[in-house]
Amino acid sequence: MAVTPTIRVQADDFDVAAEIEAVASGRTDIGAVVTFTGLCRDENGRLSALELEHYPGMAEAEISRIANEAIARFGLSGLTAIHRCGKIAPGGNIVLVVAASSHRQAAFDGANFLMDYLKTSAPFWKKEHAASGQAGDWVAARDADDEARLRWQKARGES
């Protein structure tokens, strides 16, 4: 059975339980569902919000490309990736990945793989809004995110 990932970039919040239900409902071939929800932090009271911008069309296409690679690589039975855009207050949802498979390790690996590539390959930009009211800064890419993606490339024999 061909698996088509569900990909959305949206300003509105998402319902984690509803998204799990959408992937797994009525599916007797699924033995594991792994979710990852990324939340906005307040950075110890320093931030009032995080603003996320994306390149419309290109962001969805890149997430779809990564998701299809995860499905093929790990034999996933279902996959959803939702990334919010706009201003998000601390405690708010930013990103959701729901990976389903026959066995737990494939679901864990698929979710991890998707997040590692999402953090480095999808065209999103983050701007911090300070709790003090001062203009925020754009968040720079982190070396740790690139290193996380690199482990998947090494596992596949890429450089």
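Scroll up a little and you will see the structure.
Okay, so let's go over this structure. (Residues numbered from 1 in each chain as written. Predicted model: local features only at pLDDT ≥ 70, side-chain atom pairs only at ≥ 80, totals over all residues. Heavy atoms only, no water.)

1. A closer look at the state of the cysteines
Here comes step 1: The tally for this structure, following the rule as stated, stands at zero disulfides.
Here comes step 2: Left unpaired, Cys 40 is separated from the closest cysteine sulfur, that of Cys 85, by 14 Å.
Here comes step 3: The class for Cys 40 is buried, based on a relative accessible area of 5%.
Here comes step 4: Residue Cys 85 is classed as buried on the basis of its relative accessible area of 15%. (Disulfide = S-S within 2.5 Å. Buried < 20%, exposed > 50% of the residue type's maximum accessible area, 1.4 Å probe, protein only.)

2. Here we look at the pairing of strand β3 (residues 47–54)
Side-chain positions along a regular strand alternate between the two faces of the sheet.
Here comes step 1: Sheet analysis places β3 next to strand β7 (residues 124–130), joined by seven bridges and oriented antiparallel. Bridge pairing in β7 links His 54 to Phe 124.
Here comes step 2: As paired strands, β3 and strand β5 (residues 86–88) are joined by three bridges and run antiparallel to one another. What sits directly across from Glu 51, in β5, is Lys 87. (Pairing = 2+ DSSP bridges. Helix = DSSP H or I, 4+ residues; strand = E, 2+ residues; numbered from the N terminus.)

3. What about the sheet that holds strand β1 (residues 6–10)?
Here comes step 1: One open sheet holds the four strands; their spatial order is β1-β4-β6-β2, and the pairing between them is mixed. Because the sheet does not close on itself, it has two edges, and the strands there are β1 and β2 (32–39). Ignoring strand direction, the axes of neighbouring strands in this sheet form an average angle of 5 degrees.
Here comes step 2: In the sheet, β2 pairs with strand β6 (residues 93–101) via eight bridges, with the strands oriented antiparallel. Each residue of the ladder has a partner; that of Phe 36, found in β6, is Val 97.
Here comes step 3: Its contacts with the sheet put helix α1 (residues 16–24) on β1, β2, β4 (78–84) and β6, and the angle it makes with β6 is roughly 25 degrees.
Here comes step 4: Helix-sheet contacts for helix α2 (residues 58–74) involve β1 and β4, and the interaxial angle to β1 is about 150 degrees. (Axes fitted to C-alpha atoms, helices over the stretch in contact; angles between N-to-C directions. Contact = heavy atoms within 4.5 Å.)

4. Some details on the environment of Leu 52
Here comes step 1: Relative to the elements of secondary structure, Leu 52 occurs in strand β3.
Here comes step 2: Distance from Leu 52 to Ala 130, taken between C-alpha atoms, is 14 Å for residues 78 residues apart in sequence.
Here comes step 3: If we ignore the near neighbours within four places in the chain, the residues touching Leu 52 are His 83, Arg 84, Cys 85, Gly 86, Ile 88, Ile 94, Trp 125 and Lys 126.

5. A closer look at the packing of aromatic side chains
Here comes step 1: Using the criterion set out here, one finds two aromatic pairs in the structure.
Here comes step 2: Their ring planes at 65 degrees and their centres at 5.6 Å tell us that Phe 74 and Phe 113 sit as a pair that is edge-to-face. You can see Phe 74 sitting in helix α2 and its partner Phe 113 sitting in helix α3 (residues 104–121), a full 39 residues away along the chain.
Here comes step 3: With relative accessibility at 15%, the residue Phe 74 sits in the buried group. (Phe/Tyr/Trp six-rings, centres within 6.5 Å; stacked < 30°, edge-to-face > 60°.)

6. Side note on the pattern of salt bridges
Here comes step 1: For the structure shown, the criterion picks out seven salt bridges.
Here comes step 2: Linking Arg 8 and Glu 19 is a salt bridge whose minimum nitrogen-to-oxygen distance equals 2.7 Å. Of the two residues, Arg 8 sits in strand β1 while Glu 19 sits in helix α1, which places them eleven residues apart along the sequence.
Here comes step 3: Given a relative accessible area of 12%, Glu 19 falls into the buried group.
Here comes step 4: A salt bridge links Arg 65 to Glu 69, with the shortest nitrogen-to-oxygen separation between them at 3.4 Å. A residue pair is termed a helical-turn pair when its members lie 3 or 4 positions apart in one helix, as Arg 65 and Glu 69 do in helix α2 at four residues.
Here comes step 5: One connected set of salt bridges, linked through shared partners, spans Glu 62, Arg 65 and Glu 69. (Salt bridge = Lys/Arg side-chain N within 4 Å of Asp/Glu carboxyl O.)

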